[in-house]
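Next come the chains, spelled out residue by residue.
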Amino acid sequence: MATSPNGKSLGLAACTAIVVGNMVGSGFYLSPAAVAPYGNLAIIVWIIMGAGAICLGLTFARLASLVPAVGGPYAYTRLAYGDFAGFLIAWGYWISIWTSLPVIAIAFAGVIVDLFPALGNRFTATCLTLGVIWAIVLVNLRGVHAAGLFAQVTTYAKLIPFGAVAIIGLLYIDTSHFSEFNPSGQPLLGSIAALAPLTMFAYLGLESATVPAGDVQDAERTIPRSTVLGISIAAALYVLGTIVVMGLVPRQELVHSVAPFSQAAGIMWGRGGELAISIAVILSSIGALNGWTLLMGQVPMAAARDGLFPPLFARLSPRGVPAVGMVVSASLATLLVVVQALGSEGFAAVYRLMVGLSTMTAVVPYAFCSLARTLVAARLSNGRGFPRVTAIELIAFIFAMFTLYGSGAEPVLYGLVLLMLGIPVYVWQRRNAAAAPVDSEEMAAGAATRPAIS
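Residues numbered from 1 in each chain as written. Predicted model: local features only at pLDDT ≥ 70, side-chain atom pairs only at ≥ 80, totals over all residues. Heavy atoms only, no water.

## Digging into the overall build of the protein
1) Next: Regarding its fold elements, the protein presents 19 helices and zero strands.
2) Next: For the protein, the proportion of its 454 residues judged to be buried stands at 54%.
3) Next: For the protein, the proportion of contacts with a sequence separation of at least 24, taken over those separated by at least 6, is 82%.
4) Next: Of the roughly 18000 Å² that the protein leaves accessible, carbon and sulfur atoms contribute 69%. (Helix = DSSP H or I, 4+ residues; strand = E, 2+ residues; numbered from the N terminus. Buried < 20%, exposed > 50% of the residue type's maximum accessible area, 1.4 Å probe, protein only. Contact = heavy atoms within 4.5 Å. Areas by Shrake-Rupley, 256 points an atom, 1.4 Å probe, with all protein chains shown as cover.)

See the structure below:
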């Protein structure tokens, strides 16, 4: 992957790989077992959620066409609604990223332990989990170019075995497995609401190409194309993969499966198929970790350059990456892993809640951004015109709100509490910004990556 003459190193292939890599992670690998109790309804919801995700992706693509701003959802929220809303979205989005890292890393460690049972003890599993988190941090500390290249290699390599299961597996399915539409026993609307967060977790990351906008070649064209292409690839893989796994593994077994894709591959191709899928899951986890690690430095960096996060998050290493933000974020993720490893029931409950909140705190920015285009366009044109809200944007907003509803009362309540805990940080930072003298060099660095606002 060559670097362009203007120093920007992420092209269409790399941006698409980041989107697909962030979306097709450990959540996708385990999702057929999670949705199995809902029978054929789960397949329909996958398609509906895919359509909603594409609408959301199109809204981000349109925002990126207007102004490719570093920080993705945060940047667009700040442009549309102002500094405070922008801070809350940056705060929540950042939390959603670093709380999801342990889940992905634990999935990686689980596959390694499954391949090598001798490693099956708590200490070794914890070391594997922490080791892969920090190994990926080191890759990203080498620069955005290295992270983008790594994303391409891991993403396109894992798509081969997953794609084989999702496409070739259609020839092996047993149609009798699709005899029940909604065997969960819940009302239809309740079942759809319950499926919404389960499937949405797999679609998280659809906006990934918008976040490192400052490093994207021809961002106005590349970001929209890579966003729509990446979501389409992931949605097709989710739908076909779920159909194949449900068509191969009996529902009673699938509900309790800890490795549904490996089990399906084993039915088709024996032990060799299971091994291939295990390798794909390893690549999938590494690729997702890589993409989210790239983003967890970019989001606080963008907010810090705008004076909304502490300035240390805006500091760049000699390789041009927000190293402090990455290290701080990875340290918080490490703390969650260690807390889980200690085995305390109280701490473990908090950990599980934080992981569940990663979906809720990521969907809130989607709701804000779904209707942001008209306000951003008006602000960029100095208030001379407010474009109409389109049907796609309305669908994206309804999609985000329904996913929040499906998350349940407890995650939404605690998610709101977490967002409110950011208010003291915002007040402290604004107070310090008002009292401190303006650093002209820092202002210039921030302005270089922010769109002009009249």
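## A closer look at helix 9 (residues 219-248)
1) Next: Over its 30 residues, helix 9 runs 42 Å from end to end, which matches the ideal 44 Å to within 8%, given 1.5 Å per residue.
2) Next: Burial within helix 9 is extensive, with 21 of its 30 residues counted as buried. (Expected span 1.5 Å × (residues − 1).)

## A word on the packing of helix 9 against helix 11 (residues 260-269)
Packed helices, taken two at a time, are described by the angle their axes make and the gap between the axes.
1) Next: Following both chains from N to C, one finds helix 9 and helix 11 inclined at 60°, their axes separated by 9 Å at the closest point. Classified by the interaxial angle, the pair formed by helix 9 and helix 11 is oblique. Both helix 9 and helix 11 take part in a crossing whose hand is left-handed. For the pair formed by helix 9 and helix 11, the contact residues are Gly241, Val245 and Leu248 on the first element and Pro260, Phe261, Ala264, Ile267 and Met268 on the second.
2) Next: Partitioned by chemical class, the residues of the contact of helix 9 with helix 11 number seven nonpolar, one polar and no charged. (Axes fitted to C-alpha atoms, helices over the stretch in contact; angles between N-to-C directions. Parallel < 35°, antiparallel > 145°, perpendicular 65-115°, else oblique. Left-handed = near helix turned anticlockwise from the far one by under 90°. Nonpolar A, V, L, I, M, F, W, Y, C, P; charged D, E, K, R; others polar.)

## What to know about the packing of helix 3 (residues 40-66) against helix 8 (residues 188-203)
1) Next: Where helix 3 meets helix 8, the axes come as close as 9 Å, and the angle between the chain directions of the two elements is 55°. By the angle between their axes, helix 3 is oblique relative to helix 8. Handedness of the helix 3/helix 8 crossing: right-handed. Across the interface between the two elements, Leu41, Ala42, Val45, Trp46, Met49, Gly50 and Ala53 of helix 3 pack against Leu188, Ser191, Ile192, Leu195, Ala196, Thr199, Met200, Ala202 and Tyr203 of helix 8.
2) Next: Of the residues belonging to the contact of helix 3 with helix 8, the class tally is 13 nonpolar, three polar and no charged.

## Here's the deal with unusual backbone geometry
1) Next: At Asp218, a position not held by glycine, the phi torsion is positive, near 45°.
2) Next: In this structure Asp218 comes out as partly exposed when scored by relative accessible area, which is 43%.

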